[in-house]
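Observations on the model geometry
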Amino acid sequence: MHITLTGNLGSGKSTVCKLLEGKYGFDIFSTGKVIRSIADDLGISVLEMNELMTKDHQYDHMIDDKTASISRENPDKAILFDSRLAWHFVEKSFKVFLSVDLGEAARRVYNDASRGEVEAYKDIEDAKTQLAARAANEDKRYEELYGIHYFDFKNYNLVLDSSFLPPERIAEALMNEARGCETWDGYEKTGRILVSPKRLGYASETEVTFEHGYVYPVPIKVSIDGDRFTILEGEEYVKRAGEEGYAYVAASL
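Described in the following lines is the structure provided in the data block. Within each chain, residues carry numbers counting from 1 in the order of the written sequence. At least 70 in pLDDT is required for a residue's local features to be given in this predicted model, at least 80 for side-chain atom pairs to be given and counted, and no such filter applies to totals for whole chains, interfaces and linings, which use all residues. By convention in this description, side-chain values take in all heavy atoms of the structure and omit both hydrogens and water.

Describing the packing of helix 2 (residues 31-42) against helix 4 (residues 58-73)
Counted only if it meets this: Fitting a line to C-alpha atoms yields each axis, with helices limited to the stretch in contact; the angle taken between N-to-C directions then spans 0 to 180 degrees. Going along the chain from the N terminus, every DSSP run of H or I of four or more residues is numbered as a helix, and every run of E of two or more is numbered as a strand. For classification purposes, angles smaller than 35 degrees are called roughly parallel, those larger than 145 roughly antiparallel, those between 65 and 115 roughly perpendicular, and all remaining angles oblique. By the definition used in this description, the sense in which the near helix is turned from the far one sets the handedness, with an anticlockwise turn below a right angle giving left-handed and a clockwise turn giving right-handed. When checking whether two residues touch, look at their non-hydrogen atoms; a contact exists if any pair is within 4.5 Å. Lys, Arg, Asp and Glu make up the charged group, whereas Ala, Val, Leu, Ile, Met, Phe, Trp, Tyr, Cys and Pro make up the nonpolar group; the residues left over, Gly among them, are polar.
Close contact between helix 2 and helix 4 brings their axes to 11 Å; oriented N to C, the two are set at 150°. Relative to helix 4, helix 2 is oriented roughly antiparallel. Read as a crossing pair, helix 2 and helix 4 show a hand that is right-handed. Contact residues: Thr31, Val34, Ile35 and Ile38 in helix 2; Tyr59, Ile63 and Thr67 in helix 4. For the contact of helix 2 with helix 4, the residue count by class is five nonpolar, two polar and no charged.

This is the structure in structure tokens:
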């Protein structure tokens, strides 16, 4: 099985990848490490690297060609592609987008010393500004290069909110969804969104457990603007989901 994992900056992709590698035996192919390594060699920040990639597309094509070839050459191998665009280049995969609240993402990257000097921030507000700028830069570049919209949730089999659950729980939910996709051959079906009640404004002191299932049984409808979800239908179900300790509600746009 091939899983392609992308998402917002600071959404915890690398951590989830390590968990899937250790617990479920996936081999990891990460383009983020490649980009950070190139930036480090050039002595520039990751944001500056993204700006360079906007002007010189050789780096994008190098990464994309490598992704496609690994997928074609290993159709039966368990591979997790930690990559912005692998969902577009891998021929058959379970396509996952990790979505995260911008404030939470900024807190994570600001406190992550492992990112080094090429990805340093003055404070959390500076991290929010840089993350938003990088996202806008990447979205524009991918549209110019390939005519695709990176933040269009219809590109993915699953959009999974990673804002408030521990990484272990996120990895568990992801694998449950991936296995279901294999069972019902859902590779061509897209648009399943699992979002935390807390992300929708319903924080609860009830402990989140997976004992009764991790997704509340009644779906809702939302709209999205950037990283913000707004409930259109089903507000009462979001409240109940939070009160009963569900990790997610299933939403459609």
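Structural notes on the nonpolar core
Soluble globular proteins: nonpolar side chains tend toward being buried together. Keep this limit in mind: Only buried residues count toward a nonpolar core, which is a set of Ala, Val, Leu, Ile, Met, Phe, Trp, Tyr and Cys residues joined through side-chain atoms within 4.5 Å. Here the term buried applies to any residue with accessible area under 20% of the maximum for its type, exposed to any over 50%, and partly exposed to those in between, with areas from a 1.4 Å probe on protein chains only.
Judged by nonpolar contacts, the single largest core of 29 residues is most densely connected at Ile3, Phe94, Leu160 and Tyr248. For this core, the elements supplying multiple residues, two or more each, are strand 1 (2-7), helix 1 (13-24), strand 4 (94-99), strand 5 (158-161), helix 8 (167-183) and strand 9 (248-252). For this core, the element with the most residues is helix 8, which contributes seven residues. Contacts of isoleucine 3, omitting those with residues within four sequence positions, involve Phe26, Ile79, Leu80, Phe81, Phe94, Val96, Leu174, Met175 and Ala178. Residues Trp87, Tyr142, Phe153 and Ile220 belong to the second largest nonpolar core, which totals 22 residues.

Considerations on the packing of aromatic side chains
For the record, the criterion: Working definition: a ring pair exists when centres of Phe, Tyr or Trp rings (six-membered ring for Trp) sit within 6.5 Å. Plane angles under 30 degrees give stacked, over 60 give edge-to-face, the rest tilted. Consider the ring centre and the ring normal. A charge sits over the ring if Lys NZ or Arg CZ is within 6 Å of that centre and within 35 degrees of that normal.
Across all of its chains, the model carries 13 aromatic pairs by this definition. Seen in terms of ring centroids, phenylalanine 97 and phenylalanine 151 are 6.1 Å apart; in terms of plane orientation they differ by 75°. Their pairing is edge-to-face. With phenylalanine 97 in strand 4 and phenylalanine 151 in the loop between helix 7 (124-146) and strand 5, this pair connects stretches of sequence that are 54 residues apart. Members of the aromatic cluster, each reached through a chain of ring pairs, are Trp87, Phe97, Tyr142, Tyr150, Phe151, Phe153, Tyr156 and Phe229. A cation over an aromatic ring shows up here: arginine 169 above the ring of phenylalanine 210, its NZ or CZ 4.4 Å from the ring centre.

As for the pairing of strand 5
The two faces of the sheet receive side chains in turn, since in a regular strand these alternate between them. Test applied: A pair of strands is treated as paired once DSSP finds two or more bridges between them.
Of the two faces of strand 5, both are covered, the one formed by Leu158 and Leu160 as well as the one formed by Val159 and Asp161. In the sheet, strand 4 pairs with strand 5 via four bridges, with the strands oriented parallel. Residue pairing in the sheet places leucine 98 in a bridge with leucine 160 of strand 5. In the sheet, strand 5 pairs with strand 6 (residues 192-195) via three bridges, with the strands oriented parallel. Counted as the bridge partner of leucine 160 is leucine 194 from strand 6.

Observations concerning the side chain of asparagine 50
Positionally, asparagine 50 belongs in helix 3 (residues 46-55). By relative accessible area, which is 1% here, asparagine 50 ends up buried. Residues contacting asparagine 50, with those up to four places away along its chain left out, are Arg134, Asn137, Glu138 and Arg141.

Things to note about the sheet that holds strand 9
The strand order across the open sheet formed by nine strands is 2-3-1-4-5-6-9-7-8, and the pairing between neighbours is mixed. Where the open sheet ends on each side, the last strands, each with one partner, are strand 2 (27-30) and strand 8 (228-233). Geometrically, the sheet is characterised by an average inter-axis angle of 30° between neighbouring strands, direction not taken into account. The pairing of strand 2 with strand 3 (residues 79-82) spans four bridges and is classified as parallel. Residue pairing in the sheet places phenylalanine 29 in a bridge with phenylalanine 81 of strand 3. The sheet contacts of helix 4 involve strand 1, strand 2 and strand 3, and relative to strand 3 the element is tilted by about 170°.

Quick look at the side chain of asparagine 137
Summarising the element assignment, asparagine 137 is placed in helix 7. According to the relative accessible area criterion, asparagine 137 is buried, its value standing at 16%. Among all residues touching asparagine 137, those that are not within four sequence positions of it are Asn50, Glu51 and Thr54.

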